[in-house]
Amino acid sequence: MDKLDSLMRLREFARDESGSISILIIGLFIATLSALMVITDLGVVATSKRALDHATEAAAMRAVRTLNEAEYYKGKHTLLTGLWETIVGGTYADNRVPIDCEKGLTEARNELENWKSTNSNLKTIQIKSYRLDVFQCTFDLVHLETSAEVKLPFPAPFTKLDQVLVNSSITTKNEKDKGLYLFGVRVH
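Please read these numbers as outputs of a predicted model, since none were measured by experiment.

What exactly am I supposed to notice about the confidence of the model for the protein chain here?
Detailed reading of the predicted coordinates is not advisable wherever pLDDT is low. Residue-level pLDDT values for the protein chain average 78, and 73% of them are 70 or greater. Here helix α4 (residues 79-88) stands out as the least confident element of the protein chain, with mean pLDDT 63; strand β2 (residues 141-151) is the most confident, with 89.

Help me out: how do you make sense of a nonpolar patch on the surface in this one?
Taken together, the side chains of Ile21, Leu24, Ile25 and Leu28 define a hydrophobic patch exposed on the protein surface, amounting to about 410 Å² of accessible area. Here Leu24 shows up in helix α2 (residues 20-64). Given the relative accessible area of 49%, Leu24 is considered partly exposed.

Mind showing me how you'd approach the nonpolar core here?
In globular proteins that are soluble, nonpolar side chains generally tend to be buried together. Ranked by size, the top nonpolar core spans 20 residues in total, and within it Trp115, Ile127, Val142, Leu144 and Ala148 carry the most contacts. Contributions of two or more residues to this core are made by α2, α5 (101-117), β1 (127-137), β2 and β3 (163-173). Considering every element that reaches this core, the biggest residue donor is α2, with eight residues.

Would you explain the sheet that holds β1 in this entry?
Sheet strands associate in pairs through backbone hydrogen bonding, adopting either a parallel or an antiparallel arrangement. The antiparallel open sheet is built from three strands, whose spatial order is β1-β2-β3. Lying at the two open borders of the sheet, with one neighbouring strand each, are β1 and β3. Each strand axis lies, on average, 15 degrees off the axis of its neighbour in the sheet, ignoring direction. One ladder, built from nine bridges, connects β1 with β2; its direction is antiparallel. By the bridge assignment, Cys137 is partnered in β2 with Val142. Together, β1, β2 and β3 form the strand contacts of α2, whose direction differs from that of β3 by roughly 30 degrees. Taken strand by strand, α5 contacts β1 and β2, and its axis lies near 165 degrees from that of β1.

Whenever I open this one, the side chain of Ser147 confuses me. Can you help?
Note that Ser147 resides in strand β2. In terms of polar contacts, Ser147 uses its side chain to reach the side chain of Asp133, at 2.8 Å.

Got a minute to help me understand the packing of aromatic side chains in this structure?
How two aromatic rings sit relative to each other is given by the distance of their centres and the angle of their planes. Enumeration over the complete set of coordinates arrives at one aromatic pair. Each ring, one from Trp115 and one from Tyr130, has its centre 5.8 Å from the other, and the planes form 75 degrees; the classification is edge-to-face. Of this pair, Trp115 sits in helix α5 while Tyr130 sits in strand β1, and the two are 15 residues apart along the sequence. Here Trp115 matches Tyr130 in class, with each residue buried.

Conventions used here
- Residues numbered from 1 in each chain as written.
- Predicted model: local features only at pLDDT ≥ 70, side-chain atom pairs only at ≥ 80, totals over all residues.
- Heavy atoms only, no water.
- pLDDT = per-residue confidence, 0-100.
- Helix = DSSP H or I, 4+ residues; strand = E, 2+ residues; numbered from the N terminus.
- Patch = residues over 30% accessible without salt bridge, like charges linked within 9 Å, V, L, I, M, F, W, Y side chains within 5 Å.
- Areas by Shrake-Rupley, 256 points an atom, 1.4 Å probe, with all protein chains shown as cover.
- Salt bridge = Lys/Arg side-chain N within 4 Å of Asp/Glu carboxyl O.
- Buried < 20%, exposed > 50% of the residue type's maximum accessible area, 1.4 Å probe, protein only.
- Core = buried A, V, L, I, M, F, W, Y, C linked by side-chain atoms within 4.5 Å.
- Pairing = 2+ DSSP bridges.
- Axes fitted to C-alpha atoms, helices over the stretch in contact; angles between N-to-C directions.
- Contact = heavy atoms within 4.5 Å.
- Polar contact = N/O pair within 3.5 Å; in protein donor to acceptor, adjacent residues only side chain to side chain.
- Phe/Tyr/Trp six-rings, centres within 6.5 Å; stacked < 30°, edge-to-face > 60°.

Next up, the structure:
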């Protein structure tokens, strides 16, 4: 009789639907909370990537602006070549502006250090460390690659994933506008 009685109670308990809404609500709450955590982590990674892109671009622009005066003033850009190009419309004068690569690397590092040490809105507090991975400089081109470790606000459960690595790559070129330049001033 005890087995039959227990079996009957178990069937009644299985058929009883009271409290099933509570389980459904708890399940939906957990799913919603998990989705919010994932969306927040993705937003932090995207914002950090954008901030690193801005910093890398600023460093590249600062590096490309370092003029190699010895190469620039070799006689290629004289008054006559600029005048010839303006009148005839040819491409006699070279429009490339040489970069001092050693000074450019120093300027790029300084820009990244300034970015890291400021309390600007352009960077996020989740970026824990960054590094300049690649600095390539040719005559008039600078290529920078940086990476940064981003701390996630909600680490992934049951894993050790609490930070991700984001990368940025920027290439920029330095050239002058075409036209007639007299004493450093462009004549239109």
